[in-house]
Amino acid sequence: MWQRDGGQLFKKNFFFSFCVKRAVLRCLFVHFLLHSSYQLFVINPSFLCFRPALLREQHYQYLKKGLRHLSDAYECLDASRPWLCFWILHSLELLEEPIPTAVASDVCQFLARCQSPTGGFAGGPGQHAHLAPTYAAVNALCIIGTEEAYNVINREKLLDFLWSVKQPDGSFVMHVGGEVDVRSAYCAASVASLTNILTPKLFEDTTNWILSCQNWEGGLSGVPGLEAHGGYTFCGTAALVILGKEHMLDLKALLRWVVSRQMRFEGGFQGRCNKLVDGCYSFWQAGLLPLLHRALFKEGESELSRQRWMFEQQALQEYILLCCQNPAGGLLDKPGKSRDFYHTCYCLSGLSIAQHFGNMDLHHEMILGKEENRLVRSLSPLLLGSWRIIRMYFLVPVLENEKKN
Amino acid sequence: MFFFYTVVLPPVLLDSTVNVKHLFIVLIGCILKVQPPKPLAKDRKEWADLEPVPQDDGPNPVVKIAYSEKFSDVYDYFRALLKNDERSDRAFALTAEAIELNAANYTVWHYRRVLLQALSKDLREEMRYITAIIEEQPKNYQVWHHRRMVVEWLNDPSEELEFIADILSQDAKNYHAWQHRQWVIQEYKLWDNELKFVENLLEDDVRNNSAWNQRHFVISHTTGFSDPAIVEREIQYCLSQIRKAPHNESAWNYLKGMLQDRGLSSPPGLLERVLELKETHCSPYLLAFLFDCYEDALENSNQKENVGEEERKDILRKALEICDLLANEKDTIRKEYWLFLGRSLENKSGSRGPSDKPPEPSDPASGQQEMS
């Protein structure tokens with residue numbers, strides 16, 4: 001029903017008959033209306049007292065277990081195991097849960113087995129390299145941040161891999177013989193900048209290709225011509241930020257598009273216009289606002305707020321805490337959906353963004369509910385603050401061989 | 001069937017409450033469920049010569065998946081084939097088993113494509129195969145990419161538009177389907193009937209943003225948006241859809257998106273038409289559009305000489321009024337944004353509105369704040 005429903009009129013008529021406080025309204029609207037369920041009241045008593053709680057302990061246990069063992073339901077992610085490492089490690093990082101040294105070392109050794117002899121990382125040992133698990137592996141290793149972790153990455157081969165997927169028009173395929181879309185540019189830019197192998201030549205024409213993905217709606221699409229979409233918009237914009245070219249976007253149009261993606265009733269974000277809310281867009285969409293804030297500031301915009309992002313931070317926190325938590329641990333898309341590590345990662349990332357405004361010099365917090373709900377300020381996956389620290393490990397320049405020039 | 005006759009049937013027959021209908025249901029159930037499952041590769045003669053390669057997860061695995069016996073079996077043999085780069089029919093058949101277990105394994109798909117070419121497999125047959133897989137798993141990247149490759153090899157897009165239409169009939173917003181559709185249309189120049197297709201979809205659901213996007217795609221690649229007659233036709237189309245469904249953001253976004261390069265104030269009479277709609281079909285989107293018109297008028301008035309200072313002030317006042325209305329009443333979820341836009345416009349235009357001092361950039365709360 002979630003996927004097929006296009007009309008909003010039915011939902012709105014039903015909605016107006018409720019006359020309750022907004023926070024309750026939010027979850028009622030989403031949960032009761034479509035699932036006729038009272039589970040949330042029964043299982044999550046914090047829901048009633050308007051000091052919503054982040055179920056830290058439950059999430060921690062869910063993550064801790066998943067980092068070691070996953071049921072056969074995860075067979076469908078057998079080609080994305082570095083992603084599982086990244087989603088879980090990033091979630092633990094946000095929750096400020098330390099990663100035991102032995103586990104960290106085991107992750108390093110596993111990711112080393114996922115590294116392809118021809119460069120880049122694959123979805124699992126013995127598979128072919130692919131930009132998405134490459135991104136996940138490199139970022140996971142940066143979260144671990146030990147010398148062992150950084151030493152896993154074969155930078156020379158990684159550069160070879162990036163060249164092997166680069167296309168003449170500036171785009172990148174996700175893997176040799178694979179598909180093109182804007183995620184690839186972000187994955188490539190992210191790993192190249194983190195490991196200090198980024199050269200202008202590698203990203204020649206990539207800027208223009210990404211810019212051609214900005215469409216009539218103001219957001220970005222996966223490839224030029226398609227509908228603007230939160231995931232792709234984040235990837236394209238973040239890639240341009242890394243390349244220092246974000247000012248070339250129509251920032252005003254992008255800003256209008258992304259703020260319009262916050263749902264006025266649910267408080268969370270939708271991925272595309274006229275589609276449904278989903279917890280993961282708490283990151284992909286809301287995460288654009290810090291990027292745009294910084295970009296507009298750099299362009300000389302003087303009227304930017306010094307206290308808030310340009311989205312309703314409280315409403316997003318309400319949506320995540322009241323509607324996206326599984327009482328047994330883990331976070332999810334919307335009530336009625338099952339938990340998974342992808343949604344756990346991005347709901348928590350979005351929660352962090354909604355709680356913290358600012359940059360290195362300026363910081364304002366807005367924590368909804370209990371004090372303990374506070375998460376670490378999300379630095380990865382852009383790792384803006386930690387960049388300098390990470391790049392210290394990758395000081396040796398990687399020389400490009402003649403073939404590429 | 002042996003199982004049915006010796007284990008299931010006797011207790012069923014002894015139960016006097018059971019009737020023939022029950023028996024029939026049980027029989028069908030047994031036939032469907034109790035078929036002996038396909039034996040594992042390791043137990044099949046045809047694989048006897050090949051040594052399976054277990055996955056190398058290392059001594060202390062992380063994110064270890066509890067694979068079923070079937071899964072491990074198939075992939076152990078797949079790894080063996082990959083290691084030897086075996087190009088055979090049994091390898092080809094195994095890729096189908098591997099895909100069924102995990103259709104997102106791009107390494108398997110890649111290998112299947114290598115085999116398709118190396119063994120000169122029947123690509124029409126492959127089209128039938130990929131059609132069935134996509135119907136089962138339409139939200140997977142690999143299956144659509146594979147289909148694209150086969151279509152390219154065959155150089156035959158003749159089934160595509162109908163196939164994609166079928167997938168869209170089940171999920172009218174499937175991103176992969178639209179991506180494939182745009183590729184086919186552009187590659188093989190199949191523009192002719194697409195606008196009609198889009199209009200039919202919008203008849204079914206005027207809020208289908210993917211269809212609005214496709215509309216923009218078709219027109220920008222065919223007639224373009226420079227011809228005033230086309231622009232007028234599209235404006236009429238938008239406004240008529242808006243009258244039917246005033247709170248449809250897609251229609252308003254399309255209207256703005258189409259006009260923004262040339263300027264929202266460029267089509268004659270548009271502002272007036274929108275102001276008329278405001279009385280009966282108002283929405284936050286209409287108000288935002290009005291704001292954009294005023295902002296555009298202000299920007300253009302910098303170039304034009306005939307717009308007097310009074311008129312500029314009036315346009316600015318109206319624009320700021322809308323910002324306030326949206327921020328405080330009609331679109332409060334975007335309050336921070338509308339306040340920013342108002343401040344930004346005021347700052348750019350140089351002068352303040354006659355009535356009030358500039359609004360504060362949000363509550364002067366500093367440091368931590370606990371929200372209840």
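Bear in mind that the values here come from a model prediction, so they are computed numbers and not experimental data.

**Topic: the overall build of chain A**
When helices and strands are counted, chain A shows 18 helices and 4 strands. For chain A, the share of sequence-separated contacts (at least 6 apart) that also reach a separation of at least 24 residues comes to 67%. Surface summary for chain A: the accessible area is close to 14600 Å², and the carbon and sulfur share equals 57%.

**Details of the interface of chain A and chain B**
Each partner contributes to the interface: chain A provides 95 residues, whereas chain B provides 81 residues. Both faces considered, chain A and chain B share a buried interface measuring about 7500 Å² in area, 48% of it formed by carbon and sulfur atoms. Interface area lost by chain A to chain B is led by W216(A), R256(A) and R264(A), which between them contribute 13%. There are 5 salt bridges connecting chain A and chain B. In this structure, the connection of chain A to chain B is made through 41 residue pairs in polar contact (both at pLDDT 80 or more). When the residues that make up the side of chain A that touches chain B are grouped by side-chain class, the tally is 37 nonpolar, 30 polar and 28 charged. Judged from the 2 bridges that link them, strand β1 (residues 69-70) of chain A and strand β1 (residues 64-65) of chain B form a sheet pairing that is parallel. By the bridge assignment for β1(B), H69(A) is matched with K64(B).

**Comments concerning the confidence of the model for chain B**
Residue and element names in this part refer to chain B. Here chain B shows a mean pLDDT of 89. Residues at 70 or above account for 85%. Predicted confidence for residues 352-372 stays below pLDDT 50, and this span has 40 contacts to residues more than four positions away or in other chains. Per the prediction output, this complex has pTM 0.88; the corresponding ipTM is 0.88.

**Re the pattern of salt bridges**
Residues and elements named next belong to chain B. The final tally for this structure, using the stated rule, is 44 salt bridges over all chains. K38 serves as the salt-bridge partner of E97, at 3.9 Å between the closest nitrogen and oxygen. Taken together, the positions of E97 in helix α4 (residues 89-101) and K38 in the loop between α2 (20-33) and β1 put the pair 59 residues apart, joining distant regions of the chain. What makes E97 buried here is its relative accessible area of 11%.

**What about unusual backbone geometry?**
Although it is not a glycine, E96(A) adopts a positive phi angle of roughly 60 degrees. Of note, the phi angle at S120(B) is positive, near 45 degrees, even though the residue is not glycine. By the element assignment, S120(B) lies in the loop between α5 (106-118) and α6 (123-136).

**Considerations on the confidence of the model for chain A**
Residue and element names in this part refer to chain A. For chain A, per-residue confidence averages 87 on the pLDDT scale, and residues scoring 70 or more make up 81% of the total. Predicted confidence for residues 1-21 stays below pLDDT 50, and this span has 36 contacts to residues more than four positions away or in other chains. In the model, residues 33-43 has pLDDT below 50 throughout and makes 24 contacts with residues more than four positions away in sequence or in other chains.

**Brief notes about the environment of G342(B)**
With respect to the element layout, G342(B) can be found in helix α17 (residues 335-349). Non-local contacts of G342(B), meaning those with residues more than four positions away in its chain, are made with L320(B) and C323(B).

Rules behind the numbers
- Residues numbered from 1 in each chain as written.
- Chains lettered and ligands numbered in written order.
- Predicted model: local features only at pLDDT ≥ 70, side-chain atom pairs only at ≥ 80, totals over all residues.
- Heavy atoms only, no water.
- Helix = DSSP H or I, 4+ residues; strand = E, 2+ residues; numbered from the N terminus.
- Contact = heavy atoms within 4.5 Å.
- Areas by Shrake-Rupley, 256 points an atom, 1.4 Å probe, with all protein chains shown as cover.
- Buried area = accessible area lost by both parts, 1.4 Å probe.
- Salt bridge = Lys/Arg side-chain N within 4 Å of Asp/Glu carboxyl O.
- Polar contact = N/O pair within 3.5 Å; in protein donor to acceptor, adjacent residues only side chain to side chain.
- Nonpolar A, V, L, I, M, F, W, Y, C, P; charged D, E, K, R; others polar.
- Pairing = 2+ DSSP bridges.
- pLDDT = per-residue confidence, 0-100.
- Buried < 20%, exposed > 50% of the residue type's maximum accessible area, 1.4 Å probe, protein only.

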